[in-house]
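# Fold and geometry: a report
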Amino acid sequence: MRHELAPDPAVAPHPLDALLTGEAGAAGHSQTRAPDLQLCPACCGRFVVPGEVHEVVAQTRLRLELVCTACGWSKVDVHHDEELIELECDLDLAFADVLSLLETIWLANEEEQILRFSAALEADAILPSDF
Ligand SMILES: [Zn+2]
């Protein structure tokens with residue numbers, strides 16, 4: 001049986017997918033995916049994060065605020081632990097994506113600096129006074 005957090009075989013697997021799938025499976029969570037709490041109903045962006053916890057409603061339910069960091073939408077509602085775990089996993093994946101993109105940009109900048117320095121050396125444009 002394929003878990004909902006497992007990577008789509010048609011898409012390259014995300015590095016955190018295996019880890020998150022393993023954690024969810026070990027915790028015995030159901031195979032049905034909770035509502036996508038990260039998706040903002042106002043702006044349709046994936047920028048919703050947990051806000052203030054208002055109340056523990058039951059052993060596995062919390063009344064808390066969800067806030068969209070993009071448009072400011074917010075809503076206080078009761079959510080089950082499984083929904084919040086799904087949101088936390090989605091946030092972890094989004095954070096990993098941001099870090100990966102940051103690393104890609106950093107590497108591209110480093111490569112560009114090396115190419116510029118190399119071109120400057122070949123053109124004898126680097127002088128001792130540059131250091
Ligand atoms: Zn929004």
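In the block above lies the structure referred to throughout.
Here we summarise the structure given alongside this text. (Residues numbered from 1 in each chain as written. Predicted model: local features only at pLDDT ≥ 70, side-chain atom pairs only at ≥ 80, totals over all residues.)

Before going further, it helps to spend a moment on the overall build of the protein. Scanning the protein for helices and strands turns up 2 helices and 3 strands. When each of the 131 residues of the protein is scored for burial, the buried share is 11%. Within the protein, counting contacts between residues at least 6 apart in sequence, those at least 24 apart form 40% of the total. (Helix = DSSP H or I, 4+ residues; strand = E, 2+ residues; numbered from the N terminus. Buried ≥ 20, exposed ≤ 12 C-beta atoms within 10 Å, placed from the backbone. Contact = placed C-beta atoms within 7 Å.)

Both strand β1 (residues 48-58) and strand β2 (residues 61-68) contribute to a ladder of 7 bridges, which runs antiparallel. Bridging from a neighbouring strand, V49 pairs with V67 of β2. The antiparallel pairing of β1 with β2 creates a hairpin that spans 2 residues between the two strands. Examined bridge by bridge, β2 and strand β3 (residues 74-80) share 7 bridges and lie antiparallel to one another. Its bridge partner being in β3, E65 is matched across the sheet by V76. Taking the residues between adjacent antiparallel strands as the criterion, β2 and β3 are bridged by 5 residues, where G72 takes a positive phi near 90°. (Pairing = 2+ DSSP bridges.)

Its identity as a non-glycine residue notwithstanding, C44 has a phi of 65°, on the positive side. Relative to the helices and strands, C44 is located in the loop between α1 (15-26) and β1. On the neighbour-count criterion, C44 (11 C-beta atoms within 10 Å) is exposed. Its identity is not glycine, yet D124 carries a phi of approximately 55°, on the positive side. Of note, D124 is situated in the segment after α2 (81-122).

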